[in-house]
Amino acid sequence: MGADGVIGSVHRKLMPTYEERLTWSPGDGHGLQVHPVGSFTVGGLNCFENWMPLSRAALYAQGEDLHVALWPGNLRNTDDITRFIAKEGRCFTISVSALMRREDFPSDTPHLDLILANCPEILANGGSCIAAPNGDWVIPPAVGEECLLVATLDRNEVRRERQNLDQVGHYSRPDVTRLVVDRRRQNVVTFED
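As named in an unreviewed UniProt entry, the protein is Carbon-nitrogen hydrolase family protein, taken from Pseudomonas folii. For the protein, the Sequence similarities (unreviewed entry) comment in UniProt is given as "Belongs to the carbon-nitrogen hydrolase superfamily. Nitrilase family."

The next thing to look at is the side chain of Glu64. Looking at the element boundaries, Glu64 is found in the loop between helix 1 (53–60) and strand 3 (66–70). Buried Glu64, no salt bridge; nearest opposite-charge side chain is Arg162, N-O distance 6.5 Å. Engagement of the side chain of Glu64 in a polar contact is seen with the backbone nitrogen of Gly43, the distance being 3.4 Å.

Turning to a nonpolar patch on the surface, a few remarks are in order. Among the surface-exposed residues, Met1, Ile7 and Val10 lie close enough to one another that they form a single nonpolar patch of about 350 Å² accessible area. Following the sequence through the fold, Val10 ends up in the segment before strand 1 (35–37).

According to the stated counting rule, one finds two aromatic pairs in the structure shown. Aromatic side chains Tyr18 and Phe48 sit 6.1 Å apart centroid to centroid with 70° between the ring planes, which places their arrangement in the edge-to-face category. A residue pair is termed long-range when its members are at least 10 positions apart, and Tyr18 in the segment before strand 1 and Phe48 in the loop between strand 2 (40–46) and helix 1 qualify at 30 residues. On the basis of relative accessible area, Tyr18 is assigned to the exposed category, the value being 60%.

The rules we used
- Residues numbered from 1 in each chain as written.
- Predicted model: local features only at pLDDT ≥ 70, side-chain atom pairs only at ≥ 80, totals over all residues.
- Heavy atoms only, no water.
- UniProt positions renumbered as here; feature names shortened; annotations may be inferred.
- Helix = DSSP H or I, 4+ residues; strand = E, 2+ residues; numbered from the N terminus.
- Buried < 20%, exposed > 50% of the residue type's maximum accessible area, 1.4 Å probe, protein only.
- Lys, Arg positive; Asp, Glu negative; His and termini not counted.
- Salt bridge = Lys/Arg side-chain N within 4 Å of Asp/Glu carboxyl O.
- Polar contact = N/O pair within 3.5 Å; in protein donor to acceptor, adjacent residues only side chain to side chain.
- Patch = residues over 30% accessible without salt bridge, like charges linked within 9 Å, V, L, I, M, F, W, Y side chains within 5 Å.
- Areas by Shrake-Rupley, 256 points an atom, 1.4 Å probe, with all protein chains shown as cover.
- Phe/Tyr/Trp six-rings, centres within 6.5 Å; stacked < 30°, edge-to-face > 60°.

So this is what it looks like as structure tokens:
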């Protein structure tokens, strides 16, 4: 959503993970878009989409220099992949993760006693962090604590790293390999009159 309040695009997760498939259907490529935010071009993926190399490549190809990786919340999700995306895309990468503790469940949650019967104190330990385009931590993962992470990012760091390796610039070889992204909204039926 832009500063003017207009929704720039809507992204549906391309492939629901595990039990999400009981409720959600796969998304489409319509949301594989980036948007200008200040001096950055920002894109993002949801959960295991961040592990999908072609989805990342689709965002890199649009000039993404700030990647937002959304996670349900665990260090095991953010520790390696955050730095990897930063290095691969030569972009800043922000992983945003949830912290969920036993006490975070509202007392009127249906079947709360069954939900908490075998739960550890911390169900999702967070892991939010920020990595620079060279893979170094700007802010290392915050684990087991609720906090606000704030950093000033210098877009020139993206340019410096891309002089070395630019996945969709001077290092790309579209004469050899190319990615085709279908961003049309998928429908169950198409009517042709």
